[in-house]
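Here is how the chains run, residue by residue.
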Amino acid sequence: MLTLFIATFIACQNGNPKIIANLPSSLPEVSAIEKTTTSNLFWVIQDAGNNNHIYGLDNQGNIKADITVKNAKNRDWEDLTSDNEGNLYIGDFGNNHKDETHFTIIKIINPQTNIKNTKAEFIHFSLPKDVKTKDFEAFFVHHGYFYVFSKETKKFMTLKIPNRIGNHEAEVISEFNLNGKNNKITSAAMSQDGKRLYLLNHDKVWEISGFENDNFFKGKITSIPFDHNTQKEGVFEINNTLYITDEYKKNEGGNLYELPLD
């Protein structure tokens, strides 16, 4: 059932993401970051207009794996997530012109440093006929479902899609508002313990906790503003720490950041 939420912010803390590595200059448009349970690498992708490769980076930002996804095109790769078996998922659902109604999640089986190319499996989804098409940049997998978030600055939409190969119609489970201007969601991550959700923006991240099942926006929302504003596009959480990437734009960004959480 679709629910409209008006977000109430319960708490606020300051965030000071620390640069731990520069991203490779050959990857100026990194749009997502993720670690899997079977690899110590940071997996990254680039977004629309770039190639169909996934890259594994070490802690210094060096490329240690370069895998071509042979049977997939990079229409508009926007986010990454992974499951407990070490499989990586690419959200090919960017929709800047809002003219698409069918989208794809690309499944990569357990990427490793010794793999040079791979073939993907596909989860396709469409929007319900009565839903106006949106631009999507953020998702995660949780309890057998993908949760995809629209990017718009107000009246965000949450989609739910089963993690099963094939074609699906997405279920719209919520619409919600976040306070302030230019609140675009560019990436999302669920914590390792499944108790906290993180939604990334260029100058902040929202932490959502205390929710039940997938009623995310009935939980406690904490806004964590950053001390700088760049085009941040990727986030994931591990060991109570956020890892964040931004694109290289106008001689700034292009970094991997670490943000310990309270």
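Rules and cut-offs
- Residues numbered from 1 in each chain as written.
- Predicted model: local features only at pLDDT ≥ 70, side-chain atom pairs only at ≥ 80, totals over all residues.
- Heavy atoms only, no water.
- Helix = DSSP H or I, 4+ residues; strand = E, 2+ residues; numbered from the N terminus.
- Rg over C-alpha atoms; globule rule 2.2 N^0.38 Å.
- Buried < 20%, exposed > 50% of the residue type's maximum accessible area, 1.4 Å probe, protein only.
- Contact = heavy atoms within 4.5 Å.
- Areas by Shrake-Rupley, 256 points an atom, 1.4 Å probe, with all protein chains shown as cover.
- Lys, Arg positive; Asp, Glu negative; His and termini not counted.
- Charge placed at Lys NZ, Arg CZ, Asp CG, Glu CD.
- Pairing = 2+ DSSP bridges.
- Phe/Tyr/Trp six-rings, centres within 6.5 Å; stacked < 30°, edge-to-face > 60°.
- Polar contact = N/O pair within 3.5 Å; in protein donor to acceptor, adjacent residues only side chain to side chain.
- Core = buried A, V, L, I, M, F, W, Y, C linked by side-chain atoms within 4.5 Å.
- Axes fitted to C-alpha atoms, helices over the stretch in contact; angles between N-to-C directions.
- Salt bridge = Lys/Arg side-chain N within 4 Å of Asp/Glu carboxyl O.

### Details of the overall build of the protein
Along the protein, the regular secondary structure elements total 0 helices and 24 strands. Its C-alpha atoms give the protein a radius of gyration of 17 Å, near enough to 18 Å, the size a compact globule of 262 residues would have. Counting every position in the protein, which comprises 262 residues, the buried fraction comes to 58%. Across the protein, contacts joining residues at least 24 apart in sequence account for 52% of those joining residues at least 6 apart. When the accessible surface of the protein is split by element, carbon and sulfur atoms take 44% of a total near 11900 Å². Here the protein contributes 28 positively and 34 negatively charged side chains, and the mean placements of these two sets differ by 2 Å.

### Some points on the sheet that holds strand E4 (residues 30-34)
If you trace the 5 strands from one edge of the open sheet to the other, you get E4-E5-E6-E7-E11, paired in mixed fashion. Every other strand in the sheet has two partners, leaving E4 and strand E11 (117-118) as the edge strands with one partner each. Alignment of strand E7 (residues 63-69) against E11, held across 2 bridges, turns out to be parallel. Considered in E11, the bridge of Val69 is made with Thr118.

### Considering the packing of aromatic side chains
Inspection of the entire model under this criterion finds 16 aromatic pairs. An angle of 80° between the planes, with centres 6.5 Å apart, marks the rings of Phe149 and Phe217 as edge-to-face. Of the two residues, Phe149 sits in strand E14 (residues 145-150) while Phe217 sits in the loop between strand E20 (204-209) and strand E21 (220-225), which places them 68 residues apart along the sequence. Relative accessible area serves as the criterion here: at 6%, Phe217 is assigned to the buried category. Aromatic rings pair up to connect Phe140, Tyr147, Phe149, Phe156, Phe176, Phe211, Phe216 and Phe217 into one cluster.

### Overview of the side chain of Gln46
In this fold, Gln46 is placed in strand E5 (residues 42-46). Since its relative accessible area comes to 5%, Gln46 is described here as buried. There is a polar contact of 2.8 Å between the side chain of Gln46 and the backbone nitrogen of Glu29. Contact partners of Gln46, with chain neighbours within four places excluded, come to Ser26, Leu27, Pro28, Glu29, Val30, Ser31, Asn74 and Trp77.

### Some remarks on the nonpolar core
One finds Phe42, Val44, Leu57, Val205, Leu242, Ile244 and Leu256 to be the most contacted residues of the largest nonpolar core, which totals 24 residues. Secondary structure elements with two or more residues in this core: E4, E5, strand E6 (53-57), strand E19 (196-200), strand E22 (232-238), strand E23 (241-246) and strand E24 (255-260). Contacts of Ile244, omitting those with residues within four sequence positions, involve Leu200, Phe226, Lys232, Gly234, Val235, Asn255, Leu256 and Tyr257. One finds Phe140, Ile173, Phe176 and Ala188 within the second-largest nonpolar core, a separate group that totals 19 residues.

### Section: the sheet that holds strand E3 (residues 18-22)
Ordered in space as E3-E24-E23-E22, the 4 strands form an open sheet in which the pairing is antiparallel. A strand with exactly one partner marks an edge of an open sheet, and here the two such strands are E3 and E22. Geometrically, the sheet is characterised by an average inter-axis angle of 25° between neighbouring strands, direction not taken into account. Sheet topology places E22 next to E23; 6 bridges connect them, and they run antiparallel. Looking at E23, one finds that Lys232 is bridged to Asp246.

### Describing the pairing of E22
When you tally the buried positions in E22, you get 6 out of 7 residues, the bulk of the element. Connecting the antiparallel pair E22 and E23 is a turn made up of 2 residues, with Asn239 showing a positive phi of about 55°.

### Looking at the environment of Lys220
Position of Lys220 relative to the elements: it lies in strand E21. Look at Lys220 and you get partly exposed, because its relative accessible area is 40%. Distance from Lys220 to Lys132, taken between C-alpha atoms, is 28 Å for residues 88 residues apart in sequence.

### Some remarks on the pattern of salt bridges
Under the definition given, this model contains 9 salt bridges. In this structure, the salt-bridge partner of Lys160 is Asp214, at a minimum N-O distance of 3.0 Å. Note that Lys160 is positioned in strand E15 (residues 156-162) and Asp214 in the loop between E20 and E21, a separation of 54 residues in sequence.

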